[in-house]
Amino acid sequence: MAADGSGAGRKRLPRVRLPASARPATRALREGLPPSQWGENAEALYLTSSFTYPDAATAARRFADEEEAFTYSRFSNPTVMMMERRLASLEGMAACVGTASGMSAITLLMMGLLKAGDHVVCSRSVFGSTIKLLQDVMGRFGVHTSFVSQTDPAEWRAALQPNTRLLFAESPTNPLTEVCDIAALADIAHGAGAWLAVDNCFCSPALQRPVEWGADFVIHSGTKYLDGQGRVIAGAVCGPEDLLQGKLVPVMRSAGMTLSPFNAWVVLKGMETLSIRMAAQSDSALALAQWLSEQPGVARVHYPGLASHPQHALAMRQQSGRGAAVVSFDVLGDDAASLRANAFSVIDATEVCSLTTNLGDTKTTISHPATTSHGRLTEAQRQAAGIGQGLIRVAVGLDDIDDLKADLQRGLDALAR
């Protein structure tokens, strides 16, 4: 690790020997670091806070980045590096920095790239905590954000200012599954001398690689599909080597937004089954969305895999022909109070779905966004994002699809009576 914290030497550490033609499914199993001298086939878990040196001169060389080595797990650990290399490879990007959570990944990106007086353009439909971070936290430090329509590139272009440095989007969005035109936003950002960052949490690289559409950075909550079983909290930023090592790693080293080796190891192993999980869960989500569209108690279904979705054609192009695994739907009701009561009734009638706000699990989860994941937003912010009291989000797992239909049928039947 360089004395200034740049971490430039990390990229020179040995790599796994894979043919250049190796496909994503193979890279998801094998990319990382070579085995240790013991020749383990499963990746090693390095639970150590620090690393020892044979003498003081060696320690000095390693901290000065004159000799390749790991020095301290707050900013360099073999297990974390294996996870970073694997995710970067799957995203088709040069490098990756693992972080303690998805939100810490976004915070690291903002702190590494931006300064007081800079301007951000962001979709108003992104995750509630992202809105709070940009508006309430980064705003206190002089970084201003304009929130625009997820789906209208003209609004993004109109929001540009001379000091715009970053465009930030997630696609599909949480929870309404709105899809942005990544290529169009990349053109707008680059024409203004800004960067485009895309939160790829809902699709993962198994379905969507934003770099192929022009994105500069890709954000992940490894807590979701990368882990895949709801076990750990993790995050990551993928992007160009020079920007990650020159701008983000020094901030991470000083601020401590560090991914633990154990959590990195869990995500590393989760990525081995990512592609087959995303395919199976997406297929079940499509079947559930089609079924929900036919239920009398449902006012509207939000799912990119449905032909009725406003960005269906765009989603199919960007997302490998799949709609991903999150389905949201609005129940019927006369006013905000009845909408919330009806939504709660459907949720409380379930016996299979897990009532929790996490998503990406092999277990199907169900939640009421307006009072949980987006509960900290003001009513005006929720309305601007299209999140009403009747909205229910279902993150489809690997449960039997007929069991899921029966689980939701109980509550929906009660609404129809």
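In this text, all values refer to a predicted model and were calculated from it rather than measured experimentally. Per-chain numbering applies: the sequence of each chain, read as written, is numbered from 1 onward. With pLDDT at 70 or above as the cut-off, local features in this predicted model cover only qualifying residues; side-chain atom pairs require 80 or more to be listed or tallied, and sums for whole chains, interfaces and linings still use all residues. Side-chain measures here rest on the full set of heavy atoms in the structure, leaving out hydrogens and waters.

Here we look at the sheet that holds strand β8 (residues 298-302)
Strand pairing follows a simple DSSP-based rule, namely that at least 2 bridges must link the two strands. Secondary structure elements follow DSSP: runs of H or I no shorter than four residues count as helices, runs of E no shorter than two count as strands, and numbering proceeds from the N terminus. On the basis of which strands lie adjacent, the open sheet formed by five strands has the order β8-β9-β12-β11-β10 and mixed pairing. Bordering the open sheet on either side are β8 and β10 (354-355), each of which pairs with just one other strand. For strand β9 (residues 326-331) and strand β12 (residues 391-395), the ladder comprises five bridges, and the chain directions are antiparallel. Counted as the bridge partner of Val327 is Val394 from β12. Contacts: residue pairs with any heavy atoms within 4.5 Å of one another. In this description, a line fitted to the C-alpha atoms serves as the axis of each element, helices being fitted only across the stretch in contact, and the angle between N-to-C directions of two axes falls anywhere from 0 to 180 degrees. Sitting on the sheet, helix α11 (residues 274-292) is in contact with β8, β9 and β12, with an inclination near 15° to β9. Running at roughly 130° to β9, helix α13 (residues 336-348) makes contact with β9, β10, β11 (365-367) and β12 of the sheet.

Remarks on the environment of Ala194
Within the secondary structure, Ala194 sits in the loop between α7 (182-191) and β5 (195-199). Categorising residues by exposure relies on relative accessible area from a 1.4 Å probe, with only protein chains included: less than 20% of the type maximum marks a residue as buried, more than 50% marks it as exposed, and the intermediate range marks it as partly exposed. Judged by relative accessible area, which is 5%, Ala194 ranks as buried. Taking the C-alpha atoms as reference, Ala194 lies 17 Å from Glu170; in sequence the two are 24 residues apart. Every residue in contact with Ala194, bar those within four places of it in the chain, is listed here: Thr164, Arg165, Leu166, Leu167, Ala189 and Asp216.

Remarks on the sheet that holds strand β3 (residues 144-148)
An order of β1-β7-β6-β5-β4-β2-β3 is seen for the seven strands of this open sheet, with the pairing classed as mixed. Looking along the sheet, the strands with just one partner apiece sit at the ends: β1 (95-99) and β3. Recorded for the sheet is a direction-independent mean angle of 20° between the axes of neighbouring strands. Looking at chain direction, β1 and strand β7 (residues 235-239) are connected through five bridges and run antiparallel. Of the residues in β7, the one forming a bridge with Val97 is Val237.

Here's the deal with the confidence of the model for the protein chain
Reading fine detail from the predicted coordinates is not recommended where pLDDT is low. A score from 0 to 100, pLDDT tells how confident the predictor is in each residue. With 97% of its residues at a pLDDT of 70 or more, the protein chain has an overall mean of 94. Segment residues 1-9: pLDDT under 50, and 32 contacts once partners within four positions in sequence are set aside and those in other chains are kept.

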